[in-house]
Amino acid sequence: MARRGHRPSTGTANRPKFWGRHPVTAALANPNRVVRKLWGTREALAALDLPSTLPVVYADVADLGRLVPSDAPHQGLVAEVEPLDDAWLADLLIEGKDDQRPLVVLDQVTDPHNVGAILRSAAAFDALGIVTQDRHAPPESGTVARSASGALETVPWIRVVNLARALEEIAEAGFWRIGLTGHADQTLAEAMGTQRICIVLGAEGEGMRQNTEAHCDELARLPISGKVESLNVSNAAAIALYAVAARG
C-alpha cells in the first residue's frame, strides 16, 4: 500500500501480548509486525526458526500463565508485539479494484472474540479486508489474535473515523453495500446480484445504526428459521461471506 500511518513504539505497558501457536507464529511470519520479545517453553521454542536478534526467554508453563489472562490457552508461547501500522481505506480499495473479493464493514462490533472470528472468516473466504470505526472497535489484543487464529496478520483491518463517509468511498469504488438485518424483506441471495459485494453488519442486540443503514444500497436477511431470533454476528459474517463466494 502506498500510504501508511506509522506509529511510534508504544512502550512496554501498552504493547499487546499474543499467545498460542497460530497467533505467535503468524506474527513472527508477518514482515509488517514487530515482535519485541518472546517467551516460551523449550519444547515450543525448539519448533520455531527464530531470528537471532529477537529477545527470547525460556519459561515454564506456570510462568507463561502469569503473562496472559487466566486460563488463556498459550500452548507454550507468548509474544510481546507492536500494533500494526495504520492502513488506509483508499489504498485497500485501489488494491482490490480489479477483483471480486468482498469487503466487510462492522458497525460498533466491540467484542474482541467476534472481531477475531470475523477476521478468520474473512481470511477463509478471501475477503479484501474489514472496516471498523476506530472508536467503537476493540484494539489489537491477544484475544483478537487468538480468535483470528493467525488472520490478524493477513487480513487488512482498516479503522476509520467516520463510518458513513467510509461507506460512501466504498460505493464510489464500485461495491454494492448490503446491510444484514433481520427486519429486511429480501434474503441475501436475492439482494446480491453479480456486483462486488460489501457486507455491512451491526452489533448484536442493537444492530446497525440508522445512519449506517441509510448508507447501504440494500438491506437483506439470512434465511434462518423462527427457532432462533438471530445469529451471533461472527456466525452471520461467516455465512454471508460463504454466500458471496458460492454465488453462481
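Here is a short report on the structure shown in this document. (Residues numbered from 1 in each chain as written. Predicted model: local features only at pLDDT ≥ 70, side-chain atom pairs only at ≥ 80, totals over all residues. Heavy atoms only, no water.)

**Here we look at the environment of A122**
Right, so step 1: Mapping A122 onto the fold places it in helix α5 (residues 112-124).
Right, so step 2: Spatially, the C-alpha atom of A122 lies 9.9 Å from that of R101, the residues being 21 residues apart in sequence.
Right, so step 3: Contacts of A122, omitting those with residues within four sequence positions, involve A127, I130, V155 and L241. (Helix = DSSP H or I, 4+ residues; strand = E, 2+ residues; numbered from the N terminus. Contact = heavy atoms within 4.5 Å.)

**What about the sheet that holds strand β9 (residues 157-160)?**
Right, so step 1: One open sheet holds the 6 strands; their spatial order is β9-β8-β7-β11-β10-β12, and the pairing between them is parallel. Strands at the two margins of the open sheet, each flanked by one partner only, are β9 and β12 (218-220). Direction aside, neighbouring strands of the sheet carry axes that sit 25° apart on average.
Right, so step 2: Relative to strand β8 (residues 129-133), strand β7 (residues 103-107) is paired through 4 bridges, and the arrangement is parallel. Residue pairing in the sheet places L103 in a bridge with G129 of β8.
Right, so step 3: Lying on the sheet, helix α10 (residues 233-246) is in contact with β7, β10 (175-180) and β11 (196-202); it crosses β11 at an angle near 170°. (Pairing = 2+ DSSP bridges. Axes fitted to C-alpha atoms, helices over the stretch in contact; angles between N-to-C directions.)

**Some details on the layout of surface pockets**
Right, so step 1: Roughly 600 Å³ of volume is contained in the second largest pocket.
Right, so step 2: In this structure, the second largest pocket is lined by 24 residues; those nearest its centre are L180, T181, G182, S230 and L231.
Right, so step 3: At the level of elements, β11 and α10 are the ones that each hand at least two residues to the lining of the second largest pocket. (1 Å grid on protein atoms, 1.4 Å probe; cavity = no way out; pocket = protein on both sides within 12 Å on 5 of 7 lines; lining within 4 Å. Points joined across faces, edges and corners; volume = space filled by probe spheres on them.)

**Side note on α5**
Structurally, the α-helix is built with 3.6 residues per turn, so residues lying three or four positions apart point the same way.
Right, so step 1: Here α5 contains 13 residues, and its C-alpha end-to-end distance of 18 Å stays within 8% of the 18 Å for a straight helix at 1.5 Å per residue.
Right, so step 2: The secondary structure elements touched by the buried residues of α5 are β7, β8, α6 (142-148), β9 and α10.
Right, so step 3: N-cap assignment for α5: the residue whose side-chain oxygen lies 2.7 Å from the backbone N of H113 is D111.
Right, so step 4: Just downstream of α5 lies D126, where phi reads positive at about 55°. (Expected span 1.5 Å × (residues − 1). Polar contact = N/O pair within 3.5 Å; in protein donor to acceptor, adjacent residues only side chain to side chain.)

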